[in-house]
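Inside the fold
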Amino acid sequence: MGLLQLLKGQFLCHLLIFYVFLVSGLLVNLLQLCTLPLWALNRQLARRINCRLGYCISSQMVALLEWWSGTECTLYTDPESYPRYGKENAIVILNHNFEIDFLCGWTFCERFGVLGTSKVMAKKELAYVPLIGWMWYFQEIVFCKRKWEEDRRTVAKSLQNLRDYPENFWFLLFCEGTRFTEKKHKISMEVAESKGLPKLKHHLLPRTKGFCVTVQNLRGTVTAVYDSTLNFRNKETPTLRGVLSGKKYHADLYVRRIPLDSVPEDEAECAAWLHKLYQEKDTFQEGYTQTGRFPGPVVNLPRQPWALLNWLFWAVLVLGPLILLLLQLLQTGSTLTVLCSLAVCIAVSGAVHWMIGQTEINRASSYGNKQAPLNNN
Ligand SMILES: CC/C=C\C/C=C\C/C=C\C/C=C\C/C=C\C/C=C\CCC(=O)SCCNC(=O)CCNC(=O)[C@H](O)C(C)(C)COP(=O)(O)OP(=O)(O)OC[C@H]1O[C@@H](n2cnc3c(N)ncnc32)[C@H](O)[C@@H]1OP(=O)(O)O
Ligand SMILES: CCCCCCCCCCCCCCCCCC(=O)OC[C@@H](O)COP(=O)(O)O
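The name given to the protein in an unreviewed UniProt entry is 1-acyl-sn-glycerol-3-phosphate acyltransferase delta, with Coilia grayii as the source organism. Recorded in UniProt for the protein, the comment headed Function (unreviewed entry) runs: "Converts 1-acyl-sn-glycerol-3-phosphate (lysophosphatidic acid or LPA) into 1,2-diacyl-sn-glycerol-3-phosphate (phosphatidic acid or PA) by incorporating an acyl moiety at the sn-2 position of the glycerol backbone. Exhibits high acyl-CoA specificity for polyunsaturated fatty acyl-CoA, especially docosahexaenoyl-CoA (22:6-CoA, DHA-CoA)." As recorded by UniProt, the Subcellular location (unreviewed entry) comment attached to the protein reads in full: "Endoplasmic reticulum membrane".

What follows covers the UniProt feature "domain: Phospholipid/glycerol acyltransferase" (unreviewed entry) in the protein. Within this numbering scheme, the UniProt entry marks residues 90-212 as carrying the feature "domain: Phospholipid/glycerol acyltransferase" (unreviewed entry). Overall, residues 90-212 shows 40% helix and 14% strand. The separation of its end C-alpha atoms is 14 Å.

All right, on to the site of ligand 2 then. Close contacts around ligand 2 come from 19 residues, with His 96, Arg 146, Thr 178, Arg 179 and Ser 365 the closest. Between ligand 2 and Lys 123, the relevant distance is 3.0 Å, taken from an oxygen atom to a side-chain nitrogen or oxygen of the residue. Coverage of ligand 2 by the protein amounts to 96% of the 770 Å² it exposes when considered alone. Mapped onto the shell around ligand 2, the elements with two or more residues apiece are helix H2 (11-34), helix H4 (43-68) and helix H13 (335-357).

We now examine the side chain of Asn 231. Examined against the element boundaries, Asn 231 turns out to sit in strand E6 (residues 224-232). Judged by its relative accessible area of 12%, Asn 231 is buried. Of note is the side chain of Asn 231, whose polar atom sits 2.8 Å from the side chain of Gln 285.

We now examine H13. Residue pairs three or four apart in sequence face the same way in an α-helix, which turns once every 3.6 residues. For H13, with 23 residues, the first-to-last C-alpha span of 33 Å sits near the 33 Å given by 1.5 Å per residue. For H13, the set of buried residues is Val 348, Ser 349, Val 352, Met 355, Ile 356 and Gly 357. Looking at the buried residues of H13, the elements they touch are H2 and helix H10 (240-244).

In this fold, Phe 169 is placed in the loop between helix H7 (148-161) and strand E5 (170-173). When its relative accessible area of 0% is taken as the criterion, Phe 169 is described as buried. Measuring from C-alpha to C-alpha, the distance between Phe 169 and Ser 118 comes to 5.4 Å, with 51 residues separating the pair along the chain. Sequence-distant contacts of Phe 169, that is, excluding residues within four places in its chain, are made with Glu 88, Asn 89, Ala 90, Thr 117, Lys 119, Leu 162, Leu 218, Thr 221 and Val 222.

Next up on the list: the sheet that holds strand E8 (residues 298-299). The strand order E4-E3-E5-E2-E6-E7-E1-E8 describes an open sheet built from eight strands, whose pairing is mixed. Two strands close off the open sheet at either side, each with one partner strand: strand E4 (142-144) and E8. Bridging between strand E1 (residues 72-77) and E8 involves two bridges; their strand directions are antiparallel. In the strand pairing of E8, Tyr 76 is matched with Val 298. Strands E1, strand E2 (90-94), E5, E6 and strand E7 (250-259) of the sheet are contacted by helix H5 (residues 101-111), whose axis makes an angle of about 70° with E1.

All right, on to the environment of Leu 75 then. Here Leu 75 lies in strand E1. Considering only alpha carbons, one finds Leu 75 and Gly 113, 38 residues apart in sequence, at a separation of 15 Å. In this structure Leu 75 touches Tyr 82, Phe 108, Phe 112, Leu 253, Val 255, Pro 297, Val 298, Val 299 and Leu 301, once residues within four positions along its chain are discounted.

Here we take up the environment of Tyr 82. Structurally, the position occupied by Tyr 82 is in the loop between E1 and E2. A relative accessible area of 25% places Tyr 82 in the partly exposed class. Distance from Tyr 82 to Arg 256, taken between C-alpha atoms, is 9.5 Å for residues 174 residues apart in sequence. Here Tyr 82 is in contact with Leu 75, Thr 77, Phe 112, Val 299, Asn 300 and Leu 301, once residues within four sequence places are set aside.

Procedures and definitions
- Throughout, a residue's number is its position along its own chain's written sequence, starting from 1.
- The naming scheme follows written order: chains are lettered A onward, ligands numbered 1 onward.
- In keeping with the predicted nature of the model, local features appear solely for residues at pLDDT of at least 70, side-chain atom pairs appear and are counted solely at 80 or more, and the whole-chain, interface and lining totals rest on all residues.
- Hydrogens and water are ignored here; the side-chain numbers use all heavy atoms of the structure.
- UniProt positions are given in the numbering used here, feature names are shortened, and annotations may be inferred rather than shown by experiment.
- The helix count covers DSSP runs of H or I at least four residues long, the strand count covers runs of E at least two residues long, and both are numbered beginning at the N terminus.
- A cutoff of 4 Å decides nearness: a residue is near a molecule or strand if any of its heavy atoms lies inside that distance of it.
- Within 3.5 Å is the distance limit for a polar contact, defined as a pair of N or O atoms, with the added protein rule that one can donate a hydrogen and the other accept it, and that residues adjacent in sequence qualify only through two side-chain atoms.
- Throughout, the Shrake-Rupley method with a 1.4 Å probe supplies accessible areas, and for residues the shown protein chains are the sole cover considered.
- Burial classification: accessible surface area is computed with a 1.4 Å probe over protein chains only, and a residue below 20% of its type maximum counts as buried, one above 50% as exposed, and the rest as partly exposed.
- In this analysis, the expected span of each helix is defined as 1.5 Å times one less than the number of residues it contains.
- Residues count as neighbours in contact if any of their non-hydrogen atoms are within 4.5 Å of one another.
- Between any two strands, at least two bridges found by DSSP are needed for them to pair.
- Fitting a line to C-alpha atoms yields each axis, with helices limited to the stretch in contact; the angle taken between N-to-C directions then spans 0 to 180 degrees.

Right, dumping it as structure tokens:
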């Protein structure tokens, strides 16, 4: 094992990386808060500024994946669609099977220059996650409670707000609404059976309402749906802890560009369209498990240096004062101050564990663990 690989596994390195993330993230959140008065004066400028501020946070996690863990992300797609990626507004549909699927999504956003503007329909609980959840508030992320009666108005309103967004954006939907577990899969297949739908082997049954309301509200703003299917080589089940420890994974993403015009306007037809799409996704996943690859050619998509440069900028900015403080502590610090510093380290590492825990499937919500009553309206 090389020295660098050994270092990547050290707790102290993780603590330093998280320290940079935490302090720079709080600074960015503060700057975002300062843009509040600007929203009333020049909304489009406030949005552009918040895209860039948000990028400062999310790209640190991308840098962790691309540069620290060295994870490779391969794109399978039609070369004719490829030039349009990043140059139009799109709805992205992604399977929700992996703890770092969102991070791979962000990495592709970074490579197509839309990381700062990337959007998602996220569960409301994530709005309270420090740094990322707070950043999302200023990036106009669409939050849902996963209770349609409450969501139908709020989600539509948030989507309407995106209609005059000043930069190209990708809007991500995990239509399954929750991460894949065997139990949730079994229950959702019972629902599929009761609805007369074919069973899926690799996906939960998609919830169609979020997709249909997105299409309704973003028609005319968004030009395409990017149907994206993600898997990892060697049957790996990657984790954020693995990434932080420098473990290298290899992600494969198959993307099909579907013009939005071909998605039906009628709600029932739109729902049926989505179910059919998931049946196709399921065959792609089955093909991947059999052959280790997706259909379609591979497009070369090298990583960009910007995420790393952003991280280095923040590291220099916030690690300098920390080092000075530690030196002063060693020279003059009383036992009490040294103990207090230790307590701060323990608190910071506790915060890392809590935040990483948000991404862990074994701590997933109970949503989808039982059949919601069948809806007839
Ligand atoms: C070129 C490169 C291309 C791509 C790169 C890839 C990606 C990059 C793009 C962008 C990146 C951006 C950001 C990424 C960063 C971070 C993201 C991180 C996390 C966020 C993820 C989440 O939080 S996921 C959870 C929240 N989101 C959702 O839930 C969305 C999907 N859900 C819906 O659409 C729902 O409909 C709803 C939320 C709008 C409403 O929820 P509710 O529960 O009320 O649902 P329904 O009314 O739909 O449910 C009832 C219907 O479902 C049937 N039913 C009942 N039980 C079940 C069951 N167990 N399983 C399945 N279905 C069930 C029931 O019968 C009802 O059926 P109907 O026919 O009546 O609809
Ligand atoms: C650069 C340095 C970084 C150091 C490590 C810091 C760790 C920071 C972790 C940030 C965590 C942010 C959470 C983001 C998104 C989690 C996405 C996710 O997967 O959500 C789950 C929901 O979709 C469904 O929920 P369930 O119903 O399955 O429950």
